[in-house]
Amino acid sequence: MSRRPPAEDPAQDSPRVGAPPHTAAGLPAIGHALGTAHRQMGVRRTALTLLRVNQKDGFDCPGCAWPEEDRRHTAEFCENGAKAVAEEATTRRVTPGFFARHPLSDLAERSGYWLGQQGRLTTPMYLAEGDTHYRPIGWDEALELVAGELRALGSPDEAVFYTSGRTSNEAAFLYQLMAREYGTNNLPDCSNMCHESSGSALTETLGVGKGSVLLEDLHQAELIIVAGQNPGTNHPRMLTALEKAKRAGARIITVNPLPEAGTERFKNPQNARGLLGSGTPLTDLFLQIRIGGDQALFRLLNKLVVETEGAVDEEFVAAHTHGYRELVDTVRETDWQSTLAATGLSEEDVRAAFEMVRASRRTIVCWAMGLTQHKHSVATIREVVNLLLLRGDIGRPGSGVCPVRGHSNVQGDRTMGIFERPAASFLDALAAEFGFEPPRHHGLDTVRAIRALRDGEAKVFVAMGGNFVAASPDTQATEDAMRRARLTVHVSTKLNRSHVVTGARALILPTLGRTERDRQAGGEQFVTVEDSMGMVHASRGRLAPADPGLLSEPAIIARLARLLLPDSATPWQEFERDYDTIRDRIARVVPGFEDFNARIREPGGFTLPHAPRDSRRFPTATGKANFTAAPVEFPRVPEGRLLLQTLRSHDQYNTTIYGLDDRYRGIRGGRRVLLVHPDDARAQGVAEGGLVDITSEWRDGSTRTARGFRVVHYPTARGCAAAYYPETNVLVPLDSTADTSNTPTSKSLVVRLTPTEETSGER
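Computed from a predicted structure; not experimentally measured.

K.L.:
Before we go on, may I ask you to explain the pairing of strand β33 (residues 749-755) in this structure?
P.N.:
One face of the sheet, then the other: side chains in a regular strand alternate in exactly this way. For strand β25 (residues 642-647) and β33, the ladder comprises three bridges, and the chain directions are antiparallel. Each residue of the ladder has a partner; that of L642, found in β33, is V751. Sheet topology note: the strand β30 (residues 691-696)/β33 ladder contains five bridges and is antiparallel. Paired with T695 across the bridge in β33 is R752.

K.L.:
What should I look at first to understand the domain arrangement of the protein in this one?
P.N.:
Interface size is often expressed as the accessible area that is lost when the parts come together. Segmentation of the protein into domains returns domain 1 (21-89), domain 2 (93-193 + 409-511 + 523-593), domain 3 (195-403) and domain 4 (642-755). Summarising the inter-unit geometry, the C-alpha centres of domain 2 and domain 3 are found 36 Å apart. Facing 12 residues of domain 2, the contacting portion of domain 3 comprises 10 residues. Approximately 820 Å² of surface area, both sides summed, lies buried where domain 2 meets domain 3, with 42% of it carried by carbon and sulfur atoms. When the buried area of domain 2 at its contact with domain 3 is split by residue, S191, M193 and M533 rank highest and sum to 55% of it.

K.L.:
Just checking my understanding: could you explain the UniProt feature "domain: Molybdopterin dinucleotide-binding" (unreviewed entry) in the protein for this structure?
P.N.:
Mapped onto this numbering, the UniProt entry annotates "domain: Molybdopterin dinucleotide-binding" (unreviewed entry) at residues 642-748. Counted over residues 642-748, helix gives 7% and strand 36%. Its end C-alpha atoms are 10 Å apart.

K.L.:
Just to check I follow, could you spell out the layout of surface pockets for this structure?
P.N.:
Rolled over the atoms, a probe sized like a water molecule indicates the empty space that remains. Its boundaries defined by the atoms lining it, the second largest pocket holds a volume of some 1,200 Å³. Lining the second largest pocket are 37 residues, with G207, V208, G209, K210 and T415 sitting closest to its centre. For the lining of the second largest pocket, the secondary-structure elements that each account for two or more residues are α9 (196-205), α22 (410-415), α23 (424-434) and α31 (611-615). Split into classes, the residues belonging to the lining of the second largest pocket amount to 15 nonpolar, 15 polar and seven charged. Two domains each put at least three residues into the lining of the second largest pocket: domain 2 (93-193 + 409-511 + 523-593) and domain 3 (195-403).

K.L.:
It is not clear to me how the packing of aromatic side chains should be interpreted in this structure. Could you clarify?
P.N.:
Per the stated rule, a full pass over the model turns up 14 aromatic pairs. Here F161 and Y182 contribute two aromatic rings whose centre-to-centre distance is 6.1 Å and whose plane-to-plane angle is 80°, an arrangement assigned as edge-to-face. With F161 in strand β7 (residues 159-163) and Y182 in helix α8 (residues 169-182), this residue pair connects regions lying 21 residues apart in the sequence. The pair F161 / Y182 is uniform in exposure class, with both members buried.

K.L.:
What am I meant to see in the packing of α9 against helix α21 (residues 377-390) here?
P.N.:
Angle between the axes and distance between the axes are the two parameters that describe a pair of packed helices. One way to put it is that α9 packs onto α21 with a least axis distance of 8 Å and a crossing angle of 45°. Between α9 and α21, the crossing angle belongs to the class labelled oblique. Crossing hand, α9 versus α21: right-handed. Facing S197, S198, S200, A201, L202, E204 and T205 of α9, the residues of α21 in contact are S377, V378, I381, R382 and V385. Looking at the contact of α9 with α21, its residues break down into five nonpolar, five polar and two charged.

K.L.:
Just checking my understanding: could you explain the sheet that holds strand β16 (residues 460-464) for this structure?
P.N.:
The strands making up a sheet are joined through hydrogen bonds of the backbone, oriented either antiparallel or parallel. With mixed pairing, the six strands of this open sheet are ordered in space as β6-β5-β18-β17-β16-β7. Edge positions in the open sheet fall to β6 (135-136) and β7, since each of these has one partner strand only. Where β16 lies against strand β17 (residues 487-492), five bridges are found, and the strand directions are parallel. By the bridge assignment, F461 is partnered in β17 with T488. Across the sheet, α8 touches β7 and β16, and the angle it forms with β7 is around 165°.

K.L.:
Any chance you could explain α23 here in plain terms?
P.N.:
Helical periodicity: at 3.6 residues per turn, an α-helix aligns residues three or four positions apart in one direction. Within α23 the residues assigned to the buried category are F426, L427, A429, L430, A431, E433 and F434. Contacts from the buried residues of α23 go to α8, α28 (572-577) and α29 (579-589). Once α23 finishes, G435 follows within two positions and takes phi at roughly 75°, a positive value.

K.L.:
When you look at the pattern of salt bridges in this model, what are you seeing that I'm missing?
P.N.:
Where charged atoms from two side chains of opposite charge approach closely, those side chains can pair. Per the counting criterion, the structure on display carries 61 salt bridges. E516 is paired through a salt bridge with R120; the nearest N and O atoms lie 2.9 Å apart. Taken together, the positions of E516 in the loop between β18 (505-510) and β19 (518-520) and R120 in strand β4 (residues 120-121) put the pair 396 residues apart, joining distant regions of the chain. The class of E516 is buried, set by a relative accessible area of 4%. Measuring nitrogen to oxygen at the nearest pair gives 3.9 Å for the salt bridge that ties D661 to R668.

K.L.:
I would appreciate a short explanation of the nonpolar core in the present structure.
P.N.:
Buried together is how nonpolar side chains tend to be arranged in soluble globular proteins. Counting 65 residues, the largest nonpolar core has F161 and M178 as its most contacted members. Among the elements that take part in this core, α8 stands out by supplying nine residues, more than any other. Not counting residues up to four positions away in its chain, the partners in contact with M178 are F161, I557, L560, A561, L564, L565 and W572. Residues A201, V305, A311 and V365 belong to the second largest nonpolar core, which totals 50 residues.

K.L.:
What am I meant to see in the sheet that holds strand β32 (residues 720-724) here?
P.N.:
Spatial ordering of the closed barrel is given by β25-β32-β29-β31-β30-β33, a layout of six strands whose pairing is mixed. Pairs of neighbouring strands in the sheet enclose a mean axial angle of 45°, with direction left out of account. Across two bridges, strand β29 (residues 673-676) lies against β32 in antiparallel orientation. Across the sheet, L675 pairs through a bridge with A722, a residue of β32.

K.L.:
Is there a simple way to explain the pairing of strand β8 (residues 223-227) in this structure?
P.N.:
In terms of residue burial, β8 counts as a mostly covered element, since five of its five residues are buried. Taking every second residue as pointing to the same face, both faces of β8 are buried, with L223, I225 and A227 on one and I224 and V226 on the other. Across five bridges, the pairing between β8 and strand β9 (residues 251-255) is parallel. What sits directly across from V226, in β9, is T254. Pairing of β8 with strand β14 (residues 363-367), which is carried by five bridges, proceeds in the parallel orientation. Across the sheet, the residue bridging to L223 is T363, located in β14.

So, how was this worked out
All residue numbers refer to position in the chain's written sequence, counted from 1. Reporting of local features is limited, given that this is a predicted model, to residues whose pLDDT is at least 70; pairs of side-chain atoms are given and counted only at 80 or more, and all residues count toward the totals for whole chains, interfaces and linings. Note that the side-chain values use all heavy atoms of the structure and ignore hydrogens as well as water. DSSP-based pairing: two strands are paired if at least 2 bridges between them are found. The secondary structure listing takes helices from DSSP runs of H or I that are at least 4 residues long and strands from runs of E that are at least 2 residues long, numbered from the N terminus. Domain start and stop points were drawn from an automatic or database domain assignment. The contact criterion used throughout is that any non-hydrogen atoms of two residues lie within 4.5 Å. Summed over both partners, the accessible area (1.4 Å probe) lost when two parts come together is defined as the buried area. UniProt positions are given in the numbering used here, feature names are shortened, and annotations may be inferred rather than shown by experiment. Space inside and on the surface of the protein is sampled on a 1 Å grid over the protein atoms alone, with a cavity defined as a set of points where a 1.4 Å probe fits but cannot get out and a pocket as an open set with protein on both sides within 12 Å along at least 5 of 7 lines; lining residues have an atom within 4 Å of a point. Grid points are joined across faces, edges and corners, and a volume is the space filled by probe spheres set on the points. Throughout this entry, Asp, Glu, Lys and Arg are counted as charged residues, while Ala, Val, Leu, Ile, Met, Phe, Trp, Tyr, Cys and Pro are counted as nonpolar. The remaining residues, Gly among them, count as polar. Only centres within 6.5 Å qualify two rings of Phe, Tyr or Trp (six-membered ring in Trp) as a pair; their planes then separate them into stacked at under 30 degrees, edge-to-face at over 60, and tilted for everything else. Burial here depends on accessible area, computed with a 1.4 Å probe over protein chains only, as a share of the maximum for the residue type. Under 20% is buried, over 50% is exposed, and the range in between is partly exposed. Fitted lines through C-alpha atoms give the axes, limited to the stretch in contact for helices. The angle between two N-to-C directions lies from 0 to 180 degrees. In what follows, roughly perpendicular refers to angles from 65 to 115 degrees, roughly parallel to angles under 35, roughly antiparallel to angles over 145, and oblique to any angle outside these ranges. By the definition used in this description, the sense in which the near helix is turned from the far one sets the handedness, with an anticlockwise turn below a right angle giving left-handed and a clockwise turn giving right-handed. By convention in these notes, a salt bridge is any Lys or Arg side-chain nitrogen within 4 Å of a carboxyl oxygen on Asp or Glu. We call a set of buried residues a nonpolar core when its members are Ala, Val, Leu, Ile, Met, Phe, Trp, Tyr or Cys and they connect through side-chain atoms within 4.5 Å of each other.

Right, dumping it as structure tokens:
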């Protein structure tokens, strides 16, 4: 029986604040995970579902992209993974009756948390131009409506095909194939907003835009640097790998503007030591970096390596790298004091880190959005690569680059061709396999897509998963742009903010989730995903679908393509009938997927090739790994202002809000909080517990304000503050992006604070 969803939208502006803990996971994590699961699924469904998460014959957790070891635990999931599964496998349902009771104007006033808590979507819904309510629509009529609108455009480039990282390899391949056969490369994805800087930097320096380490490398490392990342909340299963590395003798440096419980001490809930003991201390050296000071830190480490006799791996550098002399000249000329000032660290801190680097024969650097969402993010990651190249730590077991991805298949989507700037070799393979000439000009990334919608250059927006409106920067600008579209279409499992900020017309197309059985005319199907370390494995749902009328993502794409491209020679109906036929085509188009159908049926799947890791070959323009020498950059903050980073709470996955607590930071019952150092709060003239409006400052002179945030004294780096997204995405200017990657600068916003009572207006 369905559980009744929460009827009221709870207040989110009265948080209770306590001291943040210094330990992550343990028994509380088990309690919170099971509590959420039981509320959403009930006891029996919880047991049946959670025991199949991340198992070789089960389904891939939609919560993150962290890989699994070959030997799996019975409970191969973390607290937030259990919450993600519970949200998808919930017994709550959003039926046509729900939409009849709630006009769009009502839904638009609800929080993202409330919308998500209503449950699974069951029926295609259509909002006609001028209507006040969504109404049910049949699948054939809905897909013909989309195809007709696309056919009526003046150019295929007036359409935008967005993709979320939860989309499977099979669906992603079909999606990009449909878009390119239609005639556009407008294939933005969520990676444009998070790890695009990683791909840009790694492609230039190493020739492959992915990480170079496998899970066993972490277990063998002597030193692991975790920079700009909070594993305890965003990738909790990574803590198990760090614990294993520590017990094998590794040391860990944590680089972060905030102390985080997950990297302080870990109580592993999968063993008695973690449940009953004091847990494992993880961080050996905590570097409380000033926001945006990471490039400066790695430049100083490189300066010390270059200037210390015997610290450079001369043999590796001579055999495998290009640009060494230019780098040496640049780092020698780097001014120590001004560069150190950019980090906010002491000289003793930096030298202590260098001694740990010098003592290590196998070093891995892990990072996430704390490095990728600044104007100088690409330069920062290039500097990380410089350090590893100087030490010979690419292509050696236990060493390498480790960008930690968020969505469970965001890396696989890119591998499958979801990219607005595809390589010529990929397009050549696509043309040879399917017999059409794909477009060669570059398409729109996320930021450029918003501009195109704003300016009337794009008119139809189709999203395969995700919550585009809430995830994107400059919330007001994004919403205004979406409202200018002729049609917005969202393939979704649950309600979110993007469904209530619509074009003139809007469609919601409900789809199967990872947990659910996928039966097609050719029998029961499975899909595949690629994890953060290039491992490809199968995902098989076992639950009955939330509604008998749901279609899978591959089926939705294939049926739309048949309507949109009536003269296509591509066997879309065959692809819908049997996903093996999709994988056969992937095997002939995408390198590394040869004999895909046979290899994916091996328990645990297979590892994709990675030339720098596997053979120290670097497919760059020079044929070698490239050192880069760039000026050190960091955010410049005027007197009386703070530097704000947006981040997740512990009860959150990307824009999905599981609850209103962030217990690892001591905050419960609310999200509109501003974490700020007590000295900075006093200097700003705001009291702890007081309400402030946060206004970002940008060169365009526009005012972007997030209202009514409660000040929380927190041990952040001086001059730095933090608040949750998506509530603070309104502060991120659309045109404030990283050089080269065009990623929004959500981690380095110059802001001023104003007591809320001195302003007016709704939040």
